[in-house]
2 protein chains.
Amino acid sequence: MKRNTWQREAVREALETSEGFVSAQALHSGLHATGSPIGLATVYRALADLASEGEADSLQQDGESIYRACTPNTHHHHLICRNCGLTVEIEADEVETWAQKVAAQNGFTQANHIVDVFGLCTSCSPG
Amino acid sequence: MKRNTWQREAVREALETSEGFVSAQALHSGLHATGSPIGLATVYRALADLASEGEADSLQQDGESIYRACTPNTHHHHLICRNCGLTVEIEADEVETWAQKVAAQNGFTQANHIVDVFGLCTSCSPG
DNA sequence: TCGGTTTTGACAATCATTATCATTAAGGGC
DNA sequence: GCCCTTAATGATAATGATTGTCAAAACCGA
């Protein structure tokens, strides 16, 4: 049975009050800064749980996983600058339905997808 | 000045002949399997160079960076079975135009994209 | 309150990636 | 072709995020 602990709540709350994406390490230091004695491994576990329960989105950047609180209908993708790493969140309803359609047409089930667009942002574009 | 080495060529070629995304580690083992004595660090460097020159796309999954050759005339996407690895190439004109549109709307230039759909193929689907 | 079970947390282990640095070799100039 | 300068290589150590371990602590139904 799943139990409720103050640690899990602390992580959930810290995630919800964070702006944008946060790494597990950052969340852990943040919690420590407020005096919470929560352990690092626990933060990792709590974030993984939240993500698998659909309460958080995760993506990986620069070799670390970053998380964000997720209200069930905020699935989106990213537009990433190849040069400076600037990341813009993009809506992709068109692509969502397309992905499901293509999967279904080929008899695939339980489809998810990777959709990321790379380019050069305004500042990094030549000319 | 930038020099051409057989190592760089080996990595480029290995990447181009790979289906879908490959990790640096996988590419390195693959090269070793064919008898190439190329070093791991060199594979990492070559991949990073290719990516920064726009000859390869990279994304991060499960804590590792994976790469794919990115040349305009072999552009296509994949529908990949998570269980058995079956790969189906898919047309994605809709997505091509969508990606260009989104990039342009955000001031990004030289856009390319990564679009791959993962799921369970007919044989591997439950029920 | 009690007891079985889950969760925690300190620390060790793992694994991809990057840094180090002596050695090798590319490529321009002769 | 032969030097020479210097970038590239590769063996290995270092780094840093994440996961595994396991005894101790906490949760919660009875």
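Now for a description of the structure that goes with this document. (Residues numbered from 1 in each chain as written. Chains lettered and ligands numbered in written order. Predicted model: local features only at pLDDT ≥ 70, side-chain atom pairs only at ≥ 80, totals over all residues. Heavy atoms only, no water.)

## Overview of helix H2 (residues 24–33) of chain A
All names here are of chain A.
- Restricting attention to buried positions, one finds in H2 the residues Ala 24, Leu 27, His 28 and Leu 31. Looking straight down H2, one finds that the buried residues subtend no more than 100° of arc, so they occupy a single side.
- The inward-facing, buried residues of H2 contact helix H1 (6–16), strand S1 (22–23), helix H3 (40–52) and strand S3 (64–69).
- Just beyond H2, the residue with positive phi is Gly 35, at close to 95°. (Buried < 20%, exposed > 50% of the residue type's maximum accessible area, 1.4 Å probe, protein only. Helix = DSSP H or I, 4+ residues; strand = E, 2+ residues; numbered from the N terminus. Arc of directions from axis to C-beta. Contact = heavy atoms within 4.5 Å.)

## Digging into the sheet that holds strand S2 (residues 56–61) of chain A
All names here are of chain A.
- Reading across from one edge, S1-S3-S2 is the order of the three strands in this open sheet, with antiparallel pairing throughout. The open sheet has two edge strands, S1 and S2, and neither has a second partner.
- Judged from the six bridges that link them, S2 and S3 form a sheet pairing that is antiparallel. Its bridge partner being in S3, Asp 57 is matched across the sheet by Arg 68. (Pairing = 2+ DSSP bridges.)

## A word on the protein's contact with DNA strand C
- The full set close to DNA strand C counts 21 residues, and Arg 3, Thr 42 and Arg 45 of chain A together with Tyr 44 and Ser 65 of chain B are the nearest of them.
- Contact between DNA strand C and Arg 45 of chain A: a base nitrogen at 2.4 Å from a side-chain N or O atom of the residue.
- Interatomic distance of 2.9 Å between a backbone N/O atom of Asn 4 of chain B and a phosphate oxygen of DNA strand C.
- For the surface near DNA strand C, the secondary structure elements donating two or more residues are H1 and H3 of chain A together with helix H3 (40–52) and strand S3 (64–69) of chain B.
- The class makeup of the residues in the surface near DNA strand C is seven nonpolar, eight polar and six charged. (Near = heavy atom within 4 Å. Polar contact = N/O pair within 3.5 Å; in protein donor to acceptor, adjacent residues only side chain to side chain. Nonpolar A, V, L, I, M, F, W, Y, C, P; charged D, E, K, R; others polar.)

## Some words on the pattern of salt bridges
- Evaluation of the coordinates by the stated rule reveals twelve salt bridges over all chains.
- Among the ionic pairs, Lys 2 of chain B bridges to Glu 53 of chain B, the shortest N-O distance being 2.4 Å. Here the residue Lys 2 of chain B occupies a position in the segment before helix H1 (6–16), and Glu 53 of chain B occupies one in the loop between H3 and strand S2 (56–61), the gap between them amounting to 51 residues.
- Ionic pairing is found between Glu 55 of chain B and Arg 12 of chain B, a salt bridge with its closest N-O pair at 2.4 Å. Of the two residues, Glu 55 of chain B is situated in the loop between H3 and S2 and Arg 12 of chain B in helix H1; the sequence distance between them amounts to 43 residues.
- The class for Glu 55 of chain B is partly exposed, based on a relative accessible area of 28%.
- Among the ionic contacts, a cluster of salt bridges with common partners joins Glu 9, Arg 12 and Glu 55 of chain A. (Salt bridge = Lys/Arg side-chain N within 4 Å of Asp/Glu carboxyl O.)

## Brief notes about the interface of chain B and chain A
- Counting from both sides, the interface comprises 43 residues of chain B and, opposite them, 39 residues of chain A.
- Carbon and sulfur atoms supply 58% of the area that chain B and chain A bury against each other, a total of about 3,300 Å² over both sides.
- Interface area lost by chain B to chain A is led by Gln 60, Trp 98 and Phe 108 of chain B, which between them contribute 22%.
- Inspection of the chain B/chain A interface yields two salt bridges.
- Of the charged contacts, one joins Glu 94 of chain A and Lys 101 of chain B as a salt bridge, the two residues approaching to 3.0 Å between their closest N and O atoms.
- Here chain B and chain A share 13 residue pairs in polar contact (both at pLDDT 80 or more) between them. (Buried area = accessible area lost by both parts, 1.4 Å probe.)

## A few points about the sheet that holds strand S4 (residues 77–81) of chain B
- The six strands lie next to each other as S5(A)-S4(A)-S6(A)-S6(B)-S4(B)-S5(B), forming an open sheet whose pairing is mixed. At either end of the open sheet lies a strand with only one pairing partner, and these are strand S5 (87–90) of chain A together with strand S5 (87–90) of chain B. On average, each strand axis in the sheet is tilted by 20° relative to the strand beside it, whichever way the strands run.
- Note: S4 of chain B against strand S6 (residues 109–120) of chain B, four bridges, orientation parallel. (Axes fitted to C-alpha atoms, helices over the stretch in contact; angles between N-to-C directions.)

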